[in-house]
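# Fold and contact review
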Amino acid sequence: MFSLSPHRRDCIAKQQERQRQLDALPITYTENCTEEDIKVLDLSLSELVQRHQAGSLSASAVLQAYGKKVVSAQKATNCLAGVMLRETLFSKSPSIDSDQPHGHHRPLSGVPVSIKDCIDIEGYDTTVGYSSRVNKPATSSAAIVRLLRDAGALMHVKTTTPPGMLGLETSSDLFGRTSNPYNSKFVSGASTGGGGALLASRGSVIEIGTDIGGSVRLPAHFCGVYGMRSSIGRFPNLGTLPPMPGLDFIATSCSPMARRLDDLEEFWKRVMEMKPWDYDHTCVPIPWRPVNLESKKLRWGVVWEDGIVPPSPACRRALEWVSDALTKQGHEVVNFAPPSIVDGLSVGLQLCFSDAGAGFFAPLRKDEKLDPVITGVKSLLGMPLFVKQFLAMVTRGLTGDEVWASMLEKFHTKTSEEERALVVAREAYRARWHEAWEAEGLDFVLLVPHPLPAIPSGTAEKVTLISCGYMMIFNILDYVAGVLPVSFVNKESDSLPKDFMKSEEYKRMGTISKGVYSVYDAEAMHGLPVGVQVVGRRFEEERVLQAMKVVEDALEECGRKFTPREF
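Residues take numbers from 1 onward in each chain, read along the sequence in its written order. For a predicted model such as this one, the threshold for reporting local features is a pLDDT of at least 70, and the threshold for listing and counting side-chain atom pairs is 80 or more; totals across whole chains, interfaces and linings nevertheless cover every residue. In computing side-chain values, all of the structure's heavy atoms are included and hydrogens and water are not.

## Examining a nonpolar patch on the surface
Within this analysis, patches are made of residues with over 30% relative accessible area and no salt bridge. Like charges are joined at 9 Å or less; nonpolar side chains (Val, Leu, Ile, Met, Phe, Trp, Tyr) at 5 Å or less. Each accessible area is a Shrake-Rupley result for a 1.4 Å probe, and residues are judged covered by the shown protein chains and nothing else. For salt bridges, the criterion is a side-chain nitrogen of Lys or Arg within 4 Å of an Asp or Glu carboxyl oxygen. Together, Phe390, Leu391 and Met393 give the surface a local cluster of nonpolar side chains, amounting to about 300 Å² of exposed area. Counting through the fold element by element, phenylalanine 390 comes out in helix 14 (residues 385-398). Only protein chains enter the area calculation, which uses a 1.4 Å probe; residues under 20% of their type maximum are buried, those over 50% are exposed, and those in between are partly exposed. For phenylalanine 390, a relative accessible area of 48% translates into the label partly exposed. Note on conventions: DSSP H or I runs of at least 4 residues are helices, E runs of at least 2 residues are strands, and numbering of each starts at the N terminus.

In structure tokens, the structure reads:
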């Protein structure tokens, strides 16, 4: 082992540590769930808290039920970065002591919460998927971790993320590949892919993830769970490591995910009850503001395409289902043509990589493998500008693909003056969206989270990060955006025509679209979840959660309630 590189040694050591943590669990955790375990797993967040506070449900019983699912989820999907079950089980902290049912009220008492491995927990590594961060435990806990501990939550595992948290697939040398629980040949999404897989496998009630370009919403869409990207400053973020340290132009949002929509809303309420601004100076002191939209007729704007990649048949069908269901409920659903998503994405990506990705690539070791899509980004950033300008000119001349040509010539290191000009352009773009939203009189916007369902493992290079424009645009705008599961891919109704690749529609597609559609196969993807994205404006978390409920209720009224597979 001493002949191995430091990178390889640390990867082996970290995986061995994880296995030791699993091996140290009680033998009962490897057994099938009992009827009592299943009853615990079926409890909602509020029911868990009520029963734990009343003393009728112990922390050990909760951890046993969820621990069994953690162990089986790890075997099936490889979703864990660290296991804290044993420490939580034997903790003497009064916040989880089941023998004190009449103690101080803790709004998340007895609730299992998993933590993405980019969030500091004192005494544990925060690897962010890099081997260079192994054996460097955090010296203090993130604000959300301290809040959760005081609220009585059971933080039982850390979940996997790709190196640096950029990509479409959660895979790393450090922990291996995290697969989709519905089909192991497909990805769970990124970068909160470990959390998405764990939630779908019923191994947690809440996952604390992060989102800079869809990193909470993409796994929610791919894994059939719920996630909501919050506005910057609403949810505790201090102590959360971003993909690109110091990047304020497009900030990373620390945001929760859940197995159930009601649990997600209830979690938000209870976190706000804890006054997160007392834990994190960056939080805006906005308490929870109850909203009831169930009796209101709302105006929804549907964005059918982002101007880069049209949604695949499966994803478009889910959006059509939602549009039709809302219309039948008497809501006003209109087509919405927002300011160019291509323009906004161009500004946002230039700001993200204005340093040529120096902060992102710095922790990488020389023999550490990256997802091919990120390797491609690195190569593009390192290419001389005159070469990229030449390639852009050729692209325009040969294919007329303005989107790809523009990306080629704009992806380069920025001067401070260029950065400031881009910030001005971002603010002007935000103003255009505000004006368009006001002019249409919209309550919410609907669109797909991504053009595809979960993609096959190893195909991210063909799909590219640009395909995430449907999600990233709301990080650029700092709007609240939630994803809820709607349907499953159906090989009968969602297949492309047999001659699609010869059709005029395909010929008109740009380079990025053709790459995306090259991996779409409704037959192979049959049974994978498909979600829809619901968007509100800044600091409208309460309204967006209620809007997601309106959508879900409308679908149920139409006989199209989403029922997740049991794992």
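Picking up where we left off.
## Side note on the confidence of the model for the chain
Any segment with low pLDDT has predicted coordinates that should not be analysed in fine detail. In predicted models, pLDDT denotes the confidence assigned by the predictor to each residue on a 0 to 100 scale. Residue-level pLDDT values for the chain average 95, and 97% of them are 70 or greater. Within the model, pLDDT remains below 50 along residues 94-103, and this stretch shows 20 contacts once partners closer than five positions in the same chain are excluded. We call two residues in contact whenever any of their non-hydrogen atoms come within 4.5 Å of each other.

## Things to note about the packing of aromatic side chains
Put simply, two rings from Phe, Tyr or Trp (the six-membered ring, in Trp's case) pair if the centres are within 6.5 Å, and we call them stacked under 30 degrees between planes, edge-to-face over 60, tilted for the rest. Inspection of every chain in the model, using the stated rule, returns 15 aromatic pairs. Here the aromatic residues Phe336, Trp433, Trp437, Phe474 and Tyr479 are joined through ring pairs into a cluster of three or more. For a lysine, the NZ atom is tested; for an arginine, the CZ atom; a charge sits over a ring if that atom is within 6 Å of the ring centre and within 35 degrees of the ring normal. The ring of phenylalanine 361 carries the charged tip of lysine 378 above its face, separated from the ring centre by 5.2 Å. If you follow lysine 514 out to its NZ or CZ, it ends over the ring of tyrosine 506, 5.3 Å from the centre.

## Here we look at the pairing of strand 3 (residues 154-159)
As a general feature of sheets, a regular strand has side chains that alternate between the two faces. Most of strand 3 is tucked away, with 6 of its 6 residues classed as buried. DSSP-based pairing: two strands are paired if at least 2 bridges between them are found. As defined by bridge partners, strand 1 (residues 80-83) adjoins strand 3 across 3 bridges and the pair is classed as antiparallel. Residue pairing in the sheet places glycine 82 in a bridge with lysine 158 of strand 3. As defined by bridge partners, strand 2 (residues 112-116) adjoins strand 3 across 4 bridges and the pair is classed as parallel. Looking at strand 3, one finds that proline 112 is bridged to leucine 154.

## Let's talk about the sheet that holds strand 2
Taking strand neighbours across the sheet as the criterion, the 11 strands line up as 1-3-2-8-10-9-14-15-13-11-12 in an open arrangement whose pairing is mixed. The outermost strands of the open sheet, each flanked by one partner alone, are strand 1 and strand 12 (332-335). Recorded for the sheet is a direction-independent mean angle of 30° between the axes of neighbouring strands. Its contacts with the sheet put helix 9 (residues 261-273) on strand 8 (206-211), strand 9 (226-229) and strand 10 (253-258), and the angle it makes with strand 10 is roughly 140°. Here, axes are lines fitted to C-alpha atoms. For helices the fit covers the stretch in contact, and angles between N-to-C directions go from 0 to 180 degrees. Together, strand 8, strand 9, strand 13 (444-447), strand 14 (480-488) and strand 15 (529-536) form the strand contacts of helix 18 (residues 469-477), whose direction differs from that of strand 15 by roughly 25°.

## Topic: the pattern of salt bridges
What the rule picks out here adds up to 31 salt bridges. Here glutamate 427 makes a salt bridge to arginine 426, at a shortest N to O gap of 2.7 Å. The class of glutamate 427 is partly exposed, set by a relative accessible area of 37%. Sharing partners across several salt bridges, the network here consists of Arg234, Arg289, Glu541 and Glu542.

## Description of the UniProt feature "binding site: substrate" (unreviewed entry) in the chain
If you check UniProt for "binding site: substrate" (unreviewed entry), the listed places come out as Met165, Ser191, Ile212, Gly213, Gly214 and Ser215 in our numbering. In sequence the annotated residues extend across 51 residues, while in space they remain close, none of their C-alpha pairs exceeding 10.8 Å. Within the secondary structure, serine 191 is located in the loop between strand 7 (183-187) and helix 7 (193-200). With a relative accessible area of 1%, serine 191 lands in the buried category. The term polar contact refers here to a pair of N or O atoms within 3.5 Å; inside protein, the definition further demands a hydrogen-donor-capable atom paired with an acceptor-capable atom, and it admits residues adjacent in sequence only when both atoms are side-chain atoms. A distance of 2.5 Å separates polar atoms of two side chains, one belonging to serine 191 and the other to lysine 116. Topologically, glycine 213 is positioned in the loop between strand 8 and helix 8 (217-223). Residue contacts for glycine 213: discarding those within four places in its chain leaves Cys468, Met471, Met472 and Asn475. UniProt positions are given in the numbering used here, feature names are shortened, and annotations may be inferred rather than shown by experiment.

## Comments concerning the pairing of strand 9
Here strand 9 shows two buried faces, one formed by Tyr226 and Met228 and the other by Gly227 and Arg229. Bridge count for strand 9 against strand 14 is 3 bridges, and the pairing is antiparallel. Within strand 14, the position partnered with glycine 227 by the bridge is valine 483.

## A word on the packing of helix 3 (residues 45-54) against helix 9
Relative to each other, helix 3 and helix 9 sit at 55°, their axes nearing to 8 Å. Accordingly, the angle class assigned to the pair helix 3 and helix 9 is oblique. Contacts between helix 3 and helix 9 involve Leu45, Ser46 and Val49 on the former and, on the latter, Asp263, Glu266, Phe267 and Arg270. Any angle between 65 and 115 degrees counts as roughly perpendicular, while under 35 counts as roughly parallel, over 145 as roughly antiparallel, and the rest as oblique.

## A closer look at the UniProt feature "active site" (unreviewed entry) in the chain
The feature "active site" (unreviewed entry), as annotated in UniProt, sits at Lys116, Ser191 and Ser215 in this numbering. Across 100 residues of sequence, these annotated residues stay compact in space, with a maximum C-alpha separation of 11.0 Å. Once residues lying within four places of it in the same chain are set aside, the contact partners of lysine 116 are Lys158, Thr159, Thr161, Met165, Ser191, Thr192, Glu207, Ile208, Gly209, Thr210 and Ser215. Setting aside its immediate chain neighbours within four residues, serine 191 contacts Lys116, Thr160, Thr161, Pro162, Met165, Thr170, Thr210 and Ser215.

## Details of the environment of glycine 359
Residue placement: glycine 359 occurs in helix 12 (residues 358-361). Ignoring anything within four residues of it in the chain, the contact list for glycine 359 reads Pro243 and Pro245.

## What to know about the nonpolar core
Judged by nonpolar contacts, the single largest core of 170 residues is most densely connected at Leu148, Ile208, Trp300 and Leu446. Setting aside residues up to four positions removed in sequence, leucine 446 forms contacts with Trp300, Gly301, Val302, Val303, Leu319, Val322, Leu326, Val532, Gln533, Val534 and Val551. In this structure, Ala200, Ala220, Val225 and Val483 belong to the second largest nonpolar core, which totals 8 residues. What makes a nonpolar core is a set of buried Ala, Val, Leu, Ile, Met, Phe, Trp, Tyr and Cys residues whose side-chain atoms join them at distances within 4.5 Å.

## Some details on the environment of lysine 75
The topology assignment puts lysine 75 in helix 4 (residues 59-77). Between the alpha carbons of lysine 75 and glycine 536 there is a distance of 38 Å; along the sequence they are 461 residues apart.

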